[in-house]
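Below are the chains, spelled out letter by letter.
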Amino acid sequence: MIVYQAYRPSIARYAIEHGRFGGPDYRFSRMSWIKPNFLWMMYRCGWGTKEGQQMVLALRLRRAFFDEVLAQAVASSFSASHHATREAWAEAVAGSEVRLQWDPDHAPSGAPVTRRAVQLGLRGSMLKAMTTDGLLEVIDMTEFVASQRPWATDGSAELVTPVERVYSAGADAARASG
């Protein structure tokens, strides 16, 4: 499974050089958001132009780990189909190490589109697992992103983006993430 993140150079370079996250600037105490959708990540980081998000990484994760992330995810918004009360949902959010959030997806230009894109926030032991055992490869996408940036804003047919497919999670993960 490929997910995307954007970082300041010191964090990204450490991850690229070591094949894992760490170093003096990476904080395991924070929630870290992964995005399985390339264009949503490009919207979020301004195609690698936003301060602190200049380097774009693709993280290749173990499928079993990604399914576990989905199975443990608690939605950022209350849904009566998943929790009996708002209080039960708030308790689940507070105790969860994985947050699931649906956001508007975006076209290459940054314009919102009708489909939704998911992002997953990881903290605690799930973040530690993602940055070590769950992580197979760190891929520096920064030069690729920079090369495609000019084509994104004008709707050019020259734009190239990674091929993405709908992900079919296991039944347990699909029930948990709703």
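What comes next is a walk through the structure. (Residues numbered from 1 in each chain as written. Predicted model: local features only at pLDDT ≥ 70, side-chain atom pairs only at ≥ 80, totals over all residues. Heavy atoms only, no water.)

**A look at the overall build of the chain**
- Looking only at helices and strands, the chain has seven helices and seven strands in total.
- Helices (α) and strands (β) of the chain occur, in sequence order from the N terminus, as β-α-β-α-β-α-β-α-β-β-α-β-α-α.
- Rg of the C-alpha trace for the chain: 17 Å, near the compact-globule value of 16 Å for 178 residues, within the 12% margin.
- With the principal axes as the frame, the chain shows a C-alpha extent of 50 × 40 × 25 Å. (Helix = DSSP H or I, 4+ residues; strand = E, 2+ residues; numbered from the N terminus. Rg over C-alpha atoms; globule rule 2.2 N^0.38 Å.)

**A short note on the sheet that holds strand S1 (residues 2-7)**
- Ordered by their spatial adjacency, three strands build an open sheet running S1-S3-S7, and the pairing between neighbours is antiparallel. Among the strands making up the open sheet, the edge pair consists of S1 and strand S7 (135-140). The average angle at which neighbouring strand axes cross in this sheet is 25°, direction not considered.
- Along the sheet, helix H1 (residues 9-18) contacts S1, strand S3 (55-61) and S7; its crossing angle with S3, the most-contacted strand, is approximately 35°. (Pairing = 2+ DSSP bridges. Axes fitted to C-alpha atoms, helices over the stretch in contact; angles between N-to-C directions. Contact = heavy atoms within 4.5 Å.)

**Describing the layout of surface pockets**
- As a volume, the second largest pocket reaches approximately 540 Å³.
- Taken together, 20 residues form the lining of the second largest pocket, with Ala 6, Tyr 7, Arg 30, Met 31 and Ser 32 sitting closest to its centre.
- Contributions of two or more residues to the lining of the second largest pocket are made by S1, strand S2 (32-34) and helix H2 (38-45). (1 Å grid on protein atoms, 1.4 Å probe; cavity = no way out; pocket = protein on both sides within 12 Å on 5 of 7 lines; lining within 4 Å. Points joined across faces, edges and corners; volume = space filled by probe spheres on them.)

**Here's the deal with the pairing of S3**
- The element S3 is largely enclosed, with a buried count of six among its seven residues.
- Bridge count for S1 against S3 is six bridges, and the pairing is antiparallel. Of the residues in S3, the one forming a bridge with Ile 2 is Arg 60. (Buried < 20%, exposed > 50% of the residue type's maximum accessible area, 1.4 Å probe, protein only.)

**Observations concerning the nonpolar core**
- Judged by nonpolar contacts, the single largest core of 28 residues is most densely connected at Phe 21, Leu 59, Leu 61, Leu 120 and Leu 122.
- Secondary-structure elements contributing two or more residues to this core are S1, H1, S3, helix H3 (63-72), strand S5 (98-106), strand S6 (112-122), helix H5 (124-131) and S7.
- Not counting chain neighbours up to four residues away, the residues in contact with Leu 61 comprise Met 1, Val 3, Ile 34, Phe 66, Met 130, Gly 134, Leu 135 and Leu 136.
- Among the nonpolar cores identified, the runner-up in size contains 13 residues, and Leu 39, Val 56, Val 145 and Ala 152 belong to it. (Core = buried A, V, L, I, M, F, W, Y, C linked by side-chain atoms within 4.5 Å.)

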